[in-house]
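# Structural description and commentary
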Amino acid sequence: MTASKSSRPSTLRFDLLELETFLAVVDCGSFNAAAGRLHISQPAVTQRVQRLEAVLHTRLLTRTTRRMEPTEAGKKLYEKASIALHDLRNLLDDFQTEAEQGKRRLVVAASPIIAAQSLPSIIQQFSRRHAQVDVHIRDMQHDEILAAVHSAEADLGVVAFEGDPAMFTFEPLGEDEMVVVVPTGHPLASSQPATLASLSGYPLLLLQQYDRIQSQIANAMLEQGLSGQFAPRLTNLTTLLAMLDSGHGVALLPRSMAQTNVQRPRTILSLPELHLTRCFGILLSRKHMPTITAQHFCDQLREDFAATLGPPSGAK
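Being a predicted model, the structure only gives us computed values, none of them experimental. (Residues numbered from 1 in each chain as written. Predicted model: local features only at pLDDT ≥ 70, side-chain atom pairs only at ≥ 80, totals over all residues. Heavy atoms only, no water.)

## Thoughts on the overall build of the protein chain
On a plain count of helices and strands, the protein chain comes out with 11 helices and 11 strands. Its C-alpha atoms give the protein chain a radius of gyration of 33 Å, clearly above 20 Å, the size a compact globule of 316 residues would have. By its C-alpha atoms, the protein chain is 105 × 55 × 30 Å across when sized along the principal axes. The proportion of buried residues among the 316 residues of the protein chain is 41%. Once local pairs closer than 6 in sequence are excluded, the contacts in the protein chain between residues at least 24 apart make up 74%. Summing over all exposed atoms, the protein chain offers an accessible surface of approximately 17200 Å²; the carbon and sulfur share of this is 52%. Of the charged side chains in the protein chain, 30 are positive and 32 negative, and the gap between their average positions amounts to 9 Å. (Helix = DSSP H or I, 4+ residues; strand = E, 2+ residues; numbered from the N terminus. Rg over C-alpha atoms; globule rule 2.2 N^0.38 Å. Buried < 20%, exposed > 50% of the residue type's maximum accessible area, 1.4 Å probe, protein only. Contact = heavy atoms within 4.5 Å. Areas by Shrake-Rupley, 256 points an atom, 1.4 Å probe, with all protein chains shown as cover. Lys, Arg positive; Asp, Glu negative; His and termini not counted. Charge placed at Lys NZ, Arg CZ, Asp CG, Glu CD.)

Next comes the structure, spelled out in structure tokens:
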């Protein structure tokens, strides 16, 4: 059974430059004029056309008294190839445009509080220097940030990183002191500083990603013969703060977050028995090379981020 024309595999092998050279010869009417258009030598034009004819087993050009003219086969090739190359150039132009637009678009993943509190002023400074860049901030929870950076959905993350160092690079930008936060009318509000013993009498409110913080507190209390009460950890800072303001426990938070979304006056207490901090920084995926735009934004973060964190220890 004979294979149909559409089902036979193509074995033609030729360079697109040969096809473009053939089109130039037809357009210009001579090998010499085509060489001038393509900025190559006339023998190179001749060789390209000859290779194309050899691959196609077809004579494509014939010389008249005045110019090179396409044969009937050459006319068919010229018509189809002109359309195909025109469409291909348009497609490549579209790819280039999309790539250039991608370079001017930056997606930064950050926790809601960092997105709202630290990044606006940094983006303002960055935009003054790079007005052509469209910066998109995506506020996410910790694990969502890691997933977005790993998949390249985000160009970078700004986060207190607790994850797999084999998958990410993390560059610290600044530490934020962990403090005890209580409603101002709470029994501990008049105590400064807080102690592990005083905290052991109340449920401790922590965010879900604070595994290391909870372990440090639990181990320190155990060493003192204390039994800590840990409330179920919460994924959302807003929910934790609402629980705190409603009297459901005592919170441990970075100082910069302690007075966010205040529903009732809060008091901040230091905890000198433990030096607890959250280290915020730049998160990048090891499998994706950062764009030049992302690198410029990282420079802006290095310059400005630390100043957006909370005041130094001792503030009440």
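## Concerning helix H3 (residues 42–56)
Taking 1.5 Å of rise per residue, 15 residues should cover 21 Å, and H3 covers 22 Å from first to last C-alpha, within 8% of that figure. Turning to H3, its buried residues are Val-45, Thr-46, Arg-48, Val-49, Leu-52 and Glu-53. The buried residues of H3 occupy an angular sector of 165° when projected down its axis, which confines them to one face. One or two residues past the end of H3 sits His-57, with phi positive at roughly 55°. (Expected span 1.5 Å × (residues − 1). Arc of directions from axis to C-beta.)

## Considerations on the confidence of the model for the protein chain
For the protein chain, mean pLDDT is 87; residues scoring 70 or higher make up 91% of the total. Of all secondary-structure elements in the protein chain, the lowest mean pLDDT belongs to helix H4 (residues 72–103), at 80, while strand E7 (residues 203–205) reaches the highest, 95. Within the model, the stretch residues 312–316 combines pLDDT values under 50 with 10 contacts to residues more than four positions away or in other chains. (pLDDT = per-residue confidence, 0-100.)

## Focus on a nonpolar patch on the surface
There is a patch of nonpolar side chains on the surface, built from Leu-16, Leu-88, Leu-91, Leu-92 and Phe-95 and spanning about 430 Å² of accessible area. Top contributing element to the nonpolar patch by residue count: H4, with 4 residues. Within the secondary structure, Leu-92 is located in helix H4. (Patch = residues over 30% accessible without salt bridge, like charges linked within 9 Å, V, L, I, M, F, W, Y side chains within 5 Å. Salt bridge = Lys/Arg side-chain N within 4 Å of Asp/Glu carboxyl O.)

## Notes on the packing of aromatic side chains
In total, this model carries 4 aromatic pairs according to the counting rule given. Arranged with centres 5.1 Å apart and planes meeting at 80°, the rings of Phe-126 and Phe-297 form a pair that is edge-to-face. Taken together, the residues Phe-126 in helix H6 (residues 119–129) and Phe-297 in helix H11 (residues 292–304) connect sequence positions 171 residues apart. This pair shows no difference in class: Phe-126 is buried, exactly as Phe-297 is. With a centroid separation of 5.7 Å and 35° between ring planes, the pair formed by Phe-161 and Phe-170 is classed as tilted. Its relative accessible area of 16% is what places Phe-161 among the buried residues. For Phe-170, a relative accessible area of 26% translates into the label partly exposed. Within the aromatic cluster, the residues linked to one another by ring pairs are Phe-161, Phe-168 and Phe-170. (Phe/Tyr/Trp six-rings, centres within 6.5 Å; stacked < 30°, edge-to-face > 60°.)

## Notes on the environment of Asp-27
Secondary-structure assignment places Asp-27 in helix H1 (residues 16–28). Sequence separation between Asp-27 and Ala-152 is 125 residues; the distance between their C-alpha atoms is 45 Å. Dropping the residues within four chain positions of it, Asp-27 is found in contact with Arg-37, Arg-67 and Tyr-78.

## With respect to the pairing of strand E11 (residues 277–285)
E11 sits mainly inside the fold: 8 of its 9 residues count as buried. Pairing analysis gives 4 bridges linking strand E5 (residues 156–160) to E11, with the strands arranged antiparallel. Bridged to Val-158 within E11 is Ile-282. Where strand E6 (residues 168–183) lies against E11, 9 bridges are found, and the strand directions are antiparallel. Within the sheet, the bridge partner assigned to Glu-177 lies in E11 and is Thr-277. (Pairing = 2+ DSSP bridges.)

## Observations concerning the pattern of salt bridges
One pass over the structure, following the stated rule, counts 12 salt bridges. Notably, a salt bridge pairs Asp-245 with Arg-266, separated by 2.8 Å at the nearest N-O pair. Here Arg-266 lies in strand E10 (residues 266–269) and Asp-245 lies in helix H10 (residues 237–245), a separation of 21 residues in the sequence. Salt bridges here are not isolated pairs; linked through shared partners, they connect Glu-171, Asp-299 and Arg-302.

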